[in-house]
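So the chains spell out like this:
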Amino acid sequence: MMSAPWQLVLVSSIIGAGVGLAYGAMPSLVMGAVPVSETAAANSLNTLMRSIGTSVSSAVAGVTLARMTTTFGSVALPSENAFRVVMAIGSGAALVAYGLAACLPRRSPLAGTPSTAVTGEPSTPADTATDASAGTAAETRP
């Protein structure tokens, strides 16, 4: 799949789209797996790990491309196999990340109505009275 430049562009585009989708989805997955009071810390840790991962993966790709070269005249260039190895490493890392994301616990939605989340008590029709003059429902809690 690397015999023509368009194939490299196609594979790189697919990888770029995957990274973009993962970067967009990960904060949502993280926020769904932690208590609401911990979302800021969890998203900060996600951002830190993403930065470390990007740095490490760039270094690994650079070392791989630098070590697996072929000589054209007096110039050493990364070989085709070096690009294959980098893409294989990236594919393996993506599978590991997918496995880890699949293991994230999911927070169950709160039962009841929105007032349950605010007050901790379910609202019932007896708790609500209609204000005839305003035409709105008002809470009548003792």
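As the structure is a prediction and not an experimental result, all values here were calculated from the model.

The rules behind each value
The residue numbers shown here count from 1 along each chain, following its written sequence. Thresholds applied to this predicted model are a pLDDT of at least 70 for local features of residues and 80 or more for the giving and counting of side-chain atom pairs; totals over whole chains, interfaces and linings are not thresholded and use all residues. Where side-chain values are given, they derive from all heavy atoms of the structure, hydrogens and water being excluded. Helix numbering and strand numbering both begin at the N terminus, where a helix is a DSSP run of H or I of at least 4 residues and a strand a DSSP run of E of at least 2. Here a residue-residue contact requires only that any non-hydrogen atoms of the pair lie within 4.5 Å. Computed with a 1.4 Å probe, the accessible areas rest on the Shrake-Rupley method; for each residue, only the protein chains presented here act as cover. What a helix is expected to span follows from its residue count: subtract one and scale by 1.5 Å. Accessible area is worked out with a 1.4 Å probe on protein chains only. A residue is then buried under 20% of its type maximum, exposed over 50%, and partly exposed in between. Classification of ring pairs rests on two measures: the distance between centres of Phe, Tyr or Trp rings, Trp counted by its six-membered ring, which must be within 6.5 Å, and the angle between planes, read as stacked under 30 degrees, edge-to-face over 60 and tilted in between. Charge over a ring is defined by NZ of Lys or CZ of Arg lying within 6 Å of the ring centre and within 35 degrees of the ring normal. Each residue gets a pLDDT score, which is the predictor's confidence in that residue and runs from 0 to 100. When DSSP finds two or more bridges between two strands, those strands count as paired. Nonpolar side chains (Val, Leu, Ile, Met, Phe, Trp, Tyr) within 5 Å and like charges within 9 Å form the patches, drawn only from residues with over 30% relative accessible area and no salt bridge. Think of a salt bridge as a Lys or Arg side-chain nitrogen and an Asp or Glu carboxyl oxygen that are within 4 Å of each other. Angles shown run from 0 to 180 degrees and are taken between the N-to-C directions of axes, each axis being a line fitted to C-alpha atoms and, for helices, limited to the stretch in contact. Helix crossings are classified by the rotation of the near helix relative to the far one: an anticlockwise turn of less than a right angle makes the crossing left-handed, while a clockwise turn makes it right-handed.

(A) Structural view of the overall build of the protein chain. The number of helices and strands found in the protein chain is four helices and four strands. Traced from its N-terminal end to its C-terminal end, the protein chain shows the element sequence α-α-β-β-α-α-β-β. When contacts within the protein chain are restricted to residue pairs at least 6 apart in sequence, those whose partners lie at least 24 apart make up 30%. Entry remark: accessible area of the protein chain is about 10,300 Å², with carbon and sulfur atoms responsible for 70%.

(B) Quick look at helix α2 (residues 39–67). Here α2 contains 29 residues, and its C-alpha end-to-end distance of 41 Å stays within 8% of the 42 Å for a straight helix at 1.5 Å per residue. Among all positions in α2, only Ala 42, Asn 43, Asn 46 and Thr 64 are buried. Taken together, the buried residues of α2 touch α1 (5–33) and α3 (80–102).

(C) Geometry of the packing of aromatic side chains. Going through the model one piece at a time under the given rule, you end up with zero aromatic pairs. The aromatic ring of Tyr 23 is capped on one face by Arg 50, whose charged end is 4.6 Å from the ring centroid.

(D) Local environment of the confidence of the model for the protein chain. Chain-level statistics for the protein chain give a pLDDT mean of 79 and a share of 73% at 70 or above. This model gives residues 130–134 a pLDDT under 50, and the stretch forms two contacts once residues within four places in sequence are excluded.

(E) Spotlight on the side chain of Asn 46. Here Asn 46 lies in helix α2. Looking at Asn 46, the relative accessible area reads 12%, which means it is buried. With residues near it in sequence (within four places) discarded, Asn 46 still touches Met 26, Pro 27 and Val 30.

(F) Quick look at the pairing of strand β1 (residues 69–72). Relative to strand β2 (residues 75–78), β1 runs antiparallel, the two being bridged by four bridges. From the neighbouring strand, Thr 70 faces β2, where its bridge partner is Leu 77. Hairpin connection of β1 to β2: two residues between the antiparallel strands, including Gly 73 at a positive phi of 70 degrees.

(G) Examining a nonpolar patch on the surface more closely. On the surface, Leu 45, Leu 48, Met 49, Ile 52, Val 56, Val 60, Val 85 and Ile 89 cluster together into a nonpolar patch covering about 650 Å² of accessible area. Secondary-structure elements contributing two or more residues to the nonpolar patch are α2 and α3. Relative to the helices and strands, Ile 89 resides in helix α3. A relative accessible area of 41% means that Ile 89 is categorised as partly exposed.

(H) A look at the pattern of salt bridges. Applying the stated rule across the entire model yields one salt bridge. Between Arg 84 and Glu 80 there is a salt bridge whose closest N-O contact spans 2.7 Å. With Arg 84 and Glu 80 both in helix α3, this residue pair falls four residues apart, about one helical turn. Arg 84 sits in the partly exposed class, given a relative accessible area of 38%.

(I) Representation of the packing of α1 against α2 within the structure. Direction vectors running N to C along α1 and α2 enclose 145 degrees, while the axes themselves pass 9 Å from each other. The crossing of α1 and α2 is right-handed. Contacts between α1 and α2 pair Tyr 23, Met 26, Pro 27, Val 30 and Met 31 from the former with Thr 39, Ala 42, Asn 43, Asn 46, Arg 50 and Thr 54 from the latter.

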